[in-house]
Amino acid sequence: MFFIDSYVDPTLLNFFYGLVTLFVVHYVIKFVRRVRALPPGPWGLPIVGYLPFIRQDECNHMTELAAKYGPVFSLKCGQFDVVVINQWKCIKEALANEHLLGRPKETILPGVIEHFSFVEMSGERWKEQRRVALTTLRDVGLGKSKMEDSVRDEIDSFTERIKSFEGKPISISNKLSLSISNNISTLVFGHTYAYDDPVALDMENMLVQANGMLRYFNVAIFMPSVASLILRLNLFGLSKFGDLFRKFESHINDEVIEHRKKDIDDNGIKDYIDGFLHEMSKRQNEKDSTFNVNTLQRNASMFYAAGSDTITTTLQWIIMYLVKYPEYQNKIRDEIKQTIGLNRQPENIDRQQMPFTMAFIYEALRHSSIIALNLARRALEDTKVGGYSIPKDSFVIFNFWSVHHDPNLWDNPELFKPERFLDEDKSKAIKPPYLVAFSGGKRVCPGESFAYLQIFLYLVSILQQFEISVESGKDISLERVQKFSIRPKILPDFIFTNID
Ligand code: HEM
């Protein structure tokens, strides 16, 4: 300091000190205001905030923090103030709060993904894209008997494939995912893929690898301004993900190109891409329309990814539970025998007379909670939940895990117990409002009924034809691994023995 004083004009120096003091005071006031406006929570480091302290079992960690700081707590994660909402009372209030319907301002993976799908949009753009997407999907078959027929056809191909292994132990994961992807593929692209089609294999490989690489509290998501640098320096596996993503998108792009060669009128709409292209041509004179090819490509990708990976993972868990608890496998098969029998293909309506099967499905969704932390939301205005303030533009996360594993709602929540969903005389399966596997409110998962349809039809069809087990001496571990979704840590090879 002495050295500087002797060489620099004192007025300039005083001006400089004044500026620094002003800057520090301004920063401190802003910091104190921010901290006071936010719910309580743990401290973090400058710049990265609490990110480096978040454990791999992120949902358990969030639930533990809620026990310490309260059901609505906050953390600084990279560039964002994050508010985590826990426990049913607060999550129920948050799901109904219109100010919490936004998504973060960046795409799901900044630096890798440039354009927005409706899953990442907020406000009027989101509302309009979602409305048109759901109308188009309904028009091309979602929720209709035609769709149910095509899922049953797909299940036939799947079970034939399983039979071809003649009871040898097999790895189920990609057989299941290639089959499940065909159901969403029918809606979005208008066709299925052969199980050995290199395009289908590429897309499924990308989804599996992406899920294995990306954790929920990902640096690129929470520090978007350095995402491009992270990508360039190939940190956190992001550049490998970028390569896989681009390959995936190029397949979707090929689909769009093929569809654009067709002449589509109102009657010629066969799938989601047709419907979007038709809407795009109707709106070609609209200013700033989001109905453009970039949005189409991203919407189609998101539907494909959301519609295949989630169901595949849920069915993987279901198979794990069936083998871990063979008594439930037998109980469901008994219910099948008493209702539809082993020969007739199941229909969605059969759910109504199969309470135990439905209770088992609800329990599988609760216990596995594959989407334990909701797709991030953003506060569109200053708002409150449970009496806690949530400032505008905070990142908002709903911790569904904390609801599904709350001992005040579920007796011994770590236990897998389908009976908890049955009424007293065991004649009805009852789904309480706090089973929120598909979220809730206006941004609820639009694939919920399609998901229930597939889970029910696959489960019943598989148990009509096979007894599932693992090699003797092998045990099933229900240990979980949490990345973007929660998966079984070890998925063993399963034996599917034909029931004749
Ligand atoms: C077991 C299966 C599934 C589970 C557990 C699941 C769960 C979820 C959850 C928790 C959300 C976040 C909603 C929110 O922000 O509050 C979501 C959103 C979404 N899901 Fe699903 N989902 C499943 C299957 C599907 C299927 C089959 C489709 C495709 C038809 C689908 C398409 C979507 C889309 C497009 C969104 C974003 C909605 C929006 O931002 O408006 N999901 N899902």
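Residues numbered from 1 in each chain as written. Predicted model: local features only at pLDDT ≥ 70, side-chain atom pairs only at ≥ 80, totals over all residues. Heavy atoms only, no water.

1. Quick notes on the overall build of the protein chain
Next, step 1: Check the secondary structure of the protein chain and you find 17 helices and 10 strands.
Next, step 2: Taking 23 Å as the expected radius of gyration for a compact globule of 500 residues, we find that the protein chain reaches 25 Å, a close match to that expectation.
Next, step 3: Across the 500 residues of the protein chain, 52% fall into the buried class.
Next, step 4: At a minimum sequence separation of 6, the contacts of the protein chain that also span at least 24 residues come to 73%.
Next, step 5: Carbon and sulfur atoms make up 55% of the accessible area of the protein chain, which totals about 23,600 Å². (Helix = DSSP H or I, 4+ residues; strand = E, 2+ residues; numbered from the N terminus. Rg over C-alpha atoms; globule rule 2.2 N^0.38 Å. Buried < 20%, exposed > 50% of the residue type's maximum accessible area, 1.4 Å probe, protein only. Contact = heavy atoms within 4.5 Å. Areas by Shrake-Rupley, 256 points an atom, 1.4 Å probe, with all protein chains shown as cover.)

2. Digging into the UniProt feature "transmembrane region" (unreviewed entry) in the protein chain
Next, step 1: UniProt marks residues 12-29 and 216-235 with the feature "transmembrane region" (unreviewed entry), using the numbering shown here.
Next, step 2: In residues 12-29, the share of helix is 100% and the share of strand is 0%. The end C-alpha atoms are 26 Å apart.
Next, step 3: Between the first and last C-alpha atoms of residues 216-235 the distance is 16 Å; the span itself is 50% helix and 0% strand. (UniProt positions renumbered as here; feature names shortened; annotations may be inferred.)

3. Digging into the coordination of the iron atom of the ligand
For a metal bound by four donors in tetrahedral geometry, the ideal donor-metal-donor angle is 109.5 degrees, whereas six donors in octahedral geometry ideally sit at 90 or 180 degrees.
Next, step 1: Donation to the iron atom of the ligand from the protein comes from one atom only, Cys445 (SG), at 2.3 Å.
Next, step 2: Its place among the elements puts Cys445 in the loop between helix H16 (400-404) and helix H17 (448-465). (Donors = N, O, S within 2.8 Å, 3.2 Å for Na, K, Ca; no water.)

4. Points about the pattern of salt bridges
Next, step 1: In total, this model carries 29 salt bridges according to the counting rule given.
Next, step 2: In this structure, Glu363 engages Arg420 in a salt bridge whose closest nitrogen and oxygen atoms are separated by 3.1 Å. Of this pair, Glu363 sits in helix H15 (residues 355-368) while Arg420 is found in the loop between H16 and H17, placing the two residues 57 residues apart along the sequence.
Next, step 3: The salt bridge partner of Arg378 is Asp393, with a shortest N-O separation of 2.9 Å. Taken together, the positions of Arg378 in strand S3 (residues 377-378) and Asp393 in the loop between strand S5 (388-390) and strand S6 (395-398) put the pair 15 residues apart, joining distant regions of the chain.
Next, step 4: In this structure, a network of salt bridges that share partners links the residues Glu128, Glu279, Lys282, Arg283 and Glu286. (Salt bridge = Lys/Arg side-chain N within 4 Å of Asp/Glu carboxyl O.)

5. Regarding the packing of aromatic side chains
Next, step 1: Inspection of every chain in the model, using the stated rule, returns 31 aromatic pairs.
Next, step 2: Judged by centre distance (4.8 Å) and plane angle (45°), the ring pair of Phe222 and Phe395 falls under tilted. Residue Phe222 is found in helix H9 (residues 219-222), and its partner Phe395 is found in strand S6; the two are separated by 173 residues along the sequence.
Next, step 3: A residue is classified by how much of its surface remains accessible, and Phe395, at 3% relative accessible area, is buried.
Next, step 4: Note on Trp317 and Tyr321: the rings are 5.8 Å apart at their centroids and 20° apart in plane angle, and the pair reads as stacked. Taken together, the residues span about one helical turn, with Trp317 and Tyr321 both in helix H13 (residues 293-324) at a distance of 4 residues.
Next, step 5: Owing to a relative accessible area of 0%, Tyr321 belongs among the buried residues under this scheme.
Next, step 6: Ring pairing ties together the aromatic residues Trp88, Tyr362, Trp410, Phe421, Tyr434, Phe438 and Tyr452, which thus form one cluster.
Next, step 7: A cation sits over an aromatic face here: Arg366 above Trp410, 5.3 Å from the ring centre. (Phe/Tyr/Trp six-rings, centres within 6.5 Å; stacked < 30°, edge-to-face > 60°. Lys NZ or Arg CZ within 6 Å of the ring centre and 35° of its normal.)

6. Things to note about the UniProt feature "binding site: heme" (unreviewed entry) in the protein chain
Next, step 1: In this structure's numbering, the residues bearing the UniProt feature "binding site: heme" (unreviewed entry) are Cys445.
Next, step 2: Looking at Cys445, the relative accessible area reads 31%, which means it is partly exposed.

7. Here we look at the site of the ligand
Next, step 1: As a structural note, the neighbourhood of the ligand is formed by 24 residues, with Arg103, Arg130, Arg377, Ser439 and Cys445 the closest of them.
Next, step 2: For the ligand, an oxygen atom lies 3.0 Å from a polar atom in the side chain of Asn374.
Next, step 3: Arg377 has a polar side-chain atom sitting 2.6 Å from an oxygen atom of the ligand.
Next, step 4: Those elements that place two or more of their residues in the shell around the ligand are helix H5 (123-139) and H13.
Next, step 5: At 6 residues, H13 tops the list of elements feeding residues into the shell around the ligand.
Next, step 6: Considering only residue class, the shell around the ligand consists of 14 nonpolar, 6 polar and 4 charged. (Near = heavy atom within 4 Å. Polar contact = N/O pair within 3.5 Å; in protein donor to acceptor, adjacent residues only side chain to side chain. Nonpolar A, V, L, I, M, F, W, Y, C, P; charged D, E, K, R; others polar.)

8. A few points about the environment of Ser439
Next, step 1: With respect to the element layout, Ser439 can be found in the loop between H16 and H17.
Next, step 2: Residue class for Ser439 comes out buried when judged on its relative accessible area of 12%.
Next, step 3: Remark: the alpha-carbon pair of Ser439 and Phe400, spanning 39 residues in sequence, is separated by 8.0 Å.
Next, step 4: For Ser439, the contacting residues outside a window of four places in its chain are Leu95, Asn374, Arg377, Phe400 and Val444.

9. What about H15?
One turn of an α-helix holds 3.6 residues; hence residues three or four places apart share an orientation.
Next, step 1: Look at H15: 20 Å from first C-alpha to last across 14 residues, which is about the 20 Å you get at 1.5 Å a residue.
Next, step 2: Summarising burial for H15: 14 of the 14 residues are buried, a large majority.
Next, step 3: Just beyond H15, the residue with positive phi is Ser369, at close to 40°. (Expected span 1.5 Å × (residues − 1).)

10. A short note on helix H7 (residues 173-188)
Next, step 1: Helix length check: H7, at 16 residues, gives a terminal C-alpha distance of 22 Å against a target of 22 Å (1.5 Å per residue), a fit within 8%.
Next, step 2: Taken across its 16 residues, H7 has 13 buried, putting it largely inside the fold.
Next, step 3: Just downstream of H7, Gly190 is the residue with a positive phi angle, here 85°.

11. Comments concerning a nonpolar patch on the surface
Next, step 1: On the surface, Phe16, Tyr17, Val20, Phe23, Val24, Tyr27, Val28 and Val32 cluster together to form a nonpolar patch covering roughly 750 Å² of accessible area.
Next, step 2: Relative to the helices and strands, Phe23 resides in helix H2 (residues 10-37).
Next, step 3: By relative accessible area, which is 57% here, Phe23 ends up exposed. (Patch = residues over 30% accessible without salt bridge, like charges linked within 9 Å, V, L, I, M, F, W, Y side chains within 5 Å.)

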